[in-house]
Amino acid sequence: MITPTPSFQSSSFVPEYVWRVAHINQMDFEYTFSQMIDLLRTPQEVYKVTSIRKHVKNQWARDDPAFVVMLMLFVMLASLSYAIAFGTTSIWHFLRIVVGSSIIEFLGLGALTASVIRFIVKKYMCTNHTQQSGLINDNEIEWMYAFDVHCNSFWPMFLLLFVCQYLLLPMLLRSDFFACFLSNGLWAISYSYYLYITFLGYSALPFIEKPERFLYPIVAVALGAALLMLMHFNPTRFVLDLYFGS
């Protein structure tokens, strides 16, 4: 059961968010797991509560860090599994893989991705009223909401590129065309799903114009995957070689 969150002297959302990370009883893991399931079955359902949250709590973003915490834990466990599977024996290599994947890549690169997408959306996809206003109002895209959308989009990608890819390694690491086809298909589907859920996330904001633009790059992803297949390029082997060597 979640206990009431104490009041904070600062009105900033981030200090309270960080405070809850250090207090497990303040995080709703049951709701987090239900959201993870919904993102795989009916992802549009996850964003139906966005406008309700805005009216009730006056923010678009989740105030519960449980989703981010669980994603970090899953990334660490998956990275550890890959390190064991590829016979990593060096403690430093273990730390570089596990900590690097969760802190630098998931949090760091994720924060950068969310920031870039937020900047593009604010500059090119918001209504004129939003662009001209320098005040924080109902049309302001919170950075934490942009990061929420990224995390939601990353979850299916994690399952495809960390879990499914791990289970399919005996087939994906072969040098034949089928392995190349399967690998490119897996990566193309994961990036396409990322773009689709990102589209849903920004579609939930009533002041975003033409959010379907997020779907346009899916064509480029499909064409890129087809081209890489013709070149017999296997992204799974390429990425794993970068981490673990030949």
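Residues numbered from 1 in each chain as written. Predicted model: local features only at pLDDT ≥ 70, side-chain atom pairs only at ≥ 80, totals over all residues. Heavy atoms only, no water.

**Section: helix H5 (residues 91-124)**
Its 34 residues give H5 an end-to-end C-alpha distance of 46 Å, which sits within 8% of 50 Å, the value for a rise of 1.5 Å per residue. The sharpest bend along H5 reaches about 45° and sits at Gly100. (Helix = DSSP H or I, 4+ residues; strand = E, 2+ residues; numbered from the N terminus. Expected span 1.5 Å × (residues − 1). Bend = angle between axes of the 7 residues up to and from the residue.)

**Remarks on the layout of surface pockets**
Within this model, the largest pocket holds a volume of roughly 690 Å³. In terms of lining, the largest pocket is formed by 24 residues, of which the most central are Glu105, Phe154, Met157, Leu161 and Phe162. Counting residues per element, the ones that place at least two in the lining of the largest pocket are helix H4 (66-85), H5, helix H7 (143-167), helix H9 (177-203) and helix H11 (235-244). If one sorts the elements of the lining of the largest pocket by residue count, H5 sits on top with seven residues. Across the lining of the largest pocket, the residue classes break down as 17 nonpolar, six polar and one charged. (1 Å grid on protein atoms, 1.4 Å probe; cavity = no way out; pocket = protein on both sides within 12 Å on 5 of 7 lines; lining within 4 Å. Points joined across faces, edges and corners; volume = space filled by probe spheres on them. Nonpolar A, V, L, I, M, F, W, Y, C, P; charged D, E, K, R; others polar.)

**Details of the confidence of the model for the protein**
Here the protein shows a mean pLDDT of 86. Residues at 70 or above account for 86%. Contacts of residues 1-11 to residues separated by more than four positions or lying in other chains number 16 contacts, the stretch itself having pLDDT below 50. Across residues 130-137 the pLDDT falls below 50, and counting only partners more than four positions away or on other chains, this stretch makes eight contacts in the model. (pLDDT = per-residue confidence, 0-100. Contact = heavy atoms within 4.5 Å.)

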